[in-house]
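# Understanding the architecture of this molecule
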Amino acid sequence: MRNYLFVTNKYLLCVKLIAFSFILAFVSNTCFAQRPGYELEPSRSKADTTKQRDLIDLGKDLLNIDPPRGPDSSGKTLYFSFLPFSTTVPGGGQALITSTTAGFYTGNRKTTHMSRVSFTPYTNFKGRFGLPIRSYVWLKNNEWVIMGDTRLMKYPQYTWGLGKQHEGDDKLLVDYTYFRFYQHALRKICDGMFAGIGYNLDYRVNIDAEKDGVLLKDYTGYQYGTDDFGRSLSSGLSFNILYDTRSNSINPMDGYYAYFQYRLNPSFLGSDNTWSSVYLDLRKYLRFTEDPNRQNMLGIWGYYWSVLDRKVPYLDLPSVGWDVYNRSGRGFDQNRFRGRHLIYLEAEYRRDITNNGLLGFVLFTNANTVSGVNSQILKDWNQAIGGGLRIKFNKSSGTNIAIDFGKSKGFSGFQVGLDEVF
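Fair warning: this is a prediction, and the values are worked out from it, not measured in the lab.

Looking only at helices and strands, one finds 4 helices and 20 strands in the chain. Sorting the 422 residues of the chain into buried and exposed places 53% on the buried side. Partitioning the intrachain contacts of the chain with sequence separation of at least 6 by distance along the chain shows that 61% fall at a separation of at least 24. Carbon and sulfur atoms make up 60% of the accessible area of the chain, which amounts to about 18500 Å² in all.

One ladder, built from 11 bridges, connects strand 15 (residues 296–307) with strand 16 (residues 341–352); its direction is antiparallel. When the bridges of strand 16 are listed, Ile300 appears paired with Ala347. Relative to strand 17 (residues 359–370), strand 16 runs antiparallel, the two being bridged by 11 bridges. The residue of strand 17 that forms the bridge with Arg351 is Phe361. Counted along the chain from strand 16 to the antiparallel partner strand 17, the turn is 6 residues long, and its residue Gly357 has a positive phi close to 80°.

Turning to the packing of aromatic side chains, a few remarks are in order. As enumerated under the stated definition, the model contains 21 aromatic pairs in all. Consider the rings of Trp301 and Tyr303, whose centres lie 5.8 Å apart with planes at 45°: the pair is tilted. An identical accessibility class is assigned to Trp301 and Tyr303; each is buried. The interplanar angle of 55° and the centroid separation of 5.0 Å between the aromatic rings of Phe405 and Phe414 together place this pair among those described as tilted. The class for Phe405 is partly exposed, based on a relative accessible area of 33%. Given the relative accessible area of 65%, Phe414 is considered exposed.

This part is about the layout of surface pockets. The space that makes up the largest pocket amounts to roughly 1500 Å³. Around the largest pocket, the lining is made up of 48 residues, and of these Ile97, Asn326, Gln334, Gln415 and Val416 lie nearest the centre. The set of elements that each furnish at least two residues to the lining of the largest pocket consists of strand 1 (78–88), strand 2 (94–104), strand 3 (115–119), strand 5 (129–138), strand 6 (144–154), strand 7 (157–159), strand 19 (399–408) and strand 20 (411–418). Considering each element in turn, the lining of the largest pocket owes the most residues, 7 residues, to strand 20.

Let's shift gears to the nonpolar core. Across soluble globular proteins, nonpolar side chains show a tendency to be buried alongside one another. In this structure, Tyr136, Val145 and Leu242 are the most contacted members of the largest nonpolar core, which totals 57 residues. It is strand 8 (residues 172–190) that provides the largest number of residues to this core, a total of 6 residues. Other than its neighbours up to four places away in sequence, Leu242 contacts Tyr136, Val145, Leu186, Gly192, Met193, Phe194, Tyr257, Ala258 and Tyr259. Counting residues in each nonpolar core, the second largest holds 5 residues, with Cys190, Met193, Ile241 and Tyr243 among its members.

This part takes up the pattern of salt bridges. Tallied over the entire structure, the rule returns 27 salt bridges. One salt bridge in this structure joins Asp419 and Arg116, with 4.0 Å as the shortest N-O distance. On the criterion of sequence distance, the pair formed by Asp419 in the segment after strand 20 and Arg116 in strand 3 is long-range, its members being 303 residues apart. One exposure class covers both Asp419 and Arg116, and it is buried. The salt bridge partner of Asp149 is Arg180, with a shortest N-O separation of 3.0 Å. Taken together, the positions of Asp149 in strand 6 and Arg180 in strand 8 put the pair 31 residues apart, joining distant regions of the chain. Assigned by exposure class, Asp149 and Arg180 land together as buried. When salt bridges that share partners are traced, they join Arg330, Glu346, Glu348, Arg350, Arg390, Asp404 and Glu420 into one network.

The next point concerns unusual backbone geometry. Backbone geometry places Phe229, a non-glycine residue, at a positive phi of 55°. On the secondary structure map, Phe229 appears in the loop between helix 4 (216–220) and strand 12 (230–244). Among the residues examined, Phe229 registers a relative accessible area of 51% and is labelled exposed. In this model, Asn335 sits at a positive phi of 80°, which is unusual for a non-glycine residue. Turning to its location among the elements, Asn335 is positioned in the loop between strand 15 and strand 16.

About the thresholds
Residues numbered from 1 in each chain as written. Predicted model: local features only at pLDDT ≥ 70, side-chain atom pairs only at ≥ 80, totals over all residues. Heavy atoms only, no water. Helix = DSSP H or I, 4+ residues; strand = E, 2+ residues; numbered from the N terminus. Buried < 20%, exposed > 50% of the residue type's maximum accessible area, 1.4 Å probe, protein only. Contact = heavy atoms within 4.5 Å. Areas by Shrake-Rupley, 256 points an atom, 1.4 Å probe, with all protein chains shown as cover. Pairing = 2+ DSSP bridges. Phe/Tyr/Trp six-rings, centres within 6.5 Å; stacked < 30°, edge-to-face > 60°. 1 Å grid on protein atoms, 1.4 Å probe; cavity = no way out; pocket = protein on both sides within 12 Å on 5 of 7 lines; lining within 4 Å. Points joined across faces, edges and corners; volume = space filled by probe spheres on them. Core = buried A, V, L, I, M, F, W, Y, C linked by side-chain atoms within 4.5 Å. Salt bridge = Lys/Arg side-chain N within 4 Å of Asp/Glu carboxyl O.

Okay, here's the thing in structure tokens:
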């Protein structure tokens, strides 16, 4: 096994101490110093959506449907958004994707944040498919938050090894069948702060990758979870801490978000090997206008993801685009950079084009650094830039159709979806 794949016990101890010291300091400050978590964002609570327009309004005008009078006069607590589109897939060909987002309230909207569930099935009608369901549910009065991520998929993706092990077109197509089951329940411990436990399962079978007779294990020089037509199983418990003052996670207007997870995958729960990881996600939203009906803001996002043991399956190692919600890395191929330790930073400016909020635009830049072959964390950075168009699909839930274009060294591409990236 190559030396770059190992870290010393002293280094691991430092990583753990830094992560836990940071989260403890964050808890002690935010529990007593920030705006109460049960209060809705001022910008969202004051917004009058009757002054805004969305695609639903345009459809009503086209069909001569008389809309209800007054702000939120419908009294609805459930809002659906649906978007079908096509995209290219690794290895060639097209796939049909249908993205559905539901925003809803489980309690009084004055004291309960908006929950969301997204379902994004896709297929190329030739044996490739995905059935992902993600949820972020606030229970009544924000006493609990339940986070879920369930997926069944068979879909090829490229890999470039660890760090900058392989460059450009020297990539390997990896195919496998994957089942994920994540469920986390967090209880409010003080205003805006939640803590709880969860269960995480990652199960991959029929891992198949070969290029010119070179198999995945030979290509990466990594022996865990890289056997030809092999499998990998990671099953474990997680300890989670969340701080969230965003009243609407579909389209945050302002507020804070911080999420910390320590995950332990012991062999007695079925894991191939015992290993652990830490994940820390921080976000801040800065508004430049007092008008609650206008979008003019800057979102800042960063996360740190690290595995703390040697025998981690290759496809479970930190990788760009495989964060909690698979949102990072616009302007990069998913999996473009993988390693034992990963830091990711992104900033996005968001602004309306039309006064009624129907159209908007974003400008973004992101960067990542990863440990691995020919790449040292904090020393070697990979950057991307881009921009996008926003079309308001449902003003009541804040759901946008997001069309983004990103570019990095050696890659450029479009990304289409519902709601904001972060």
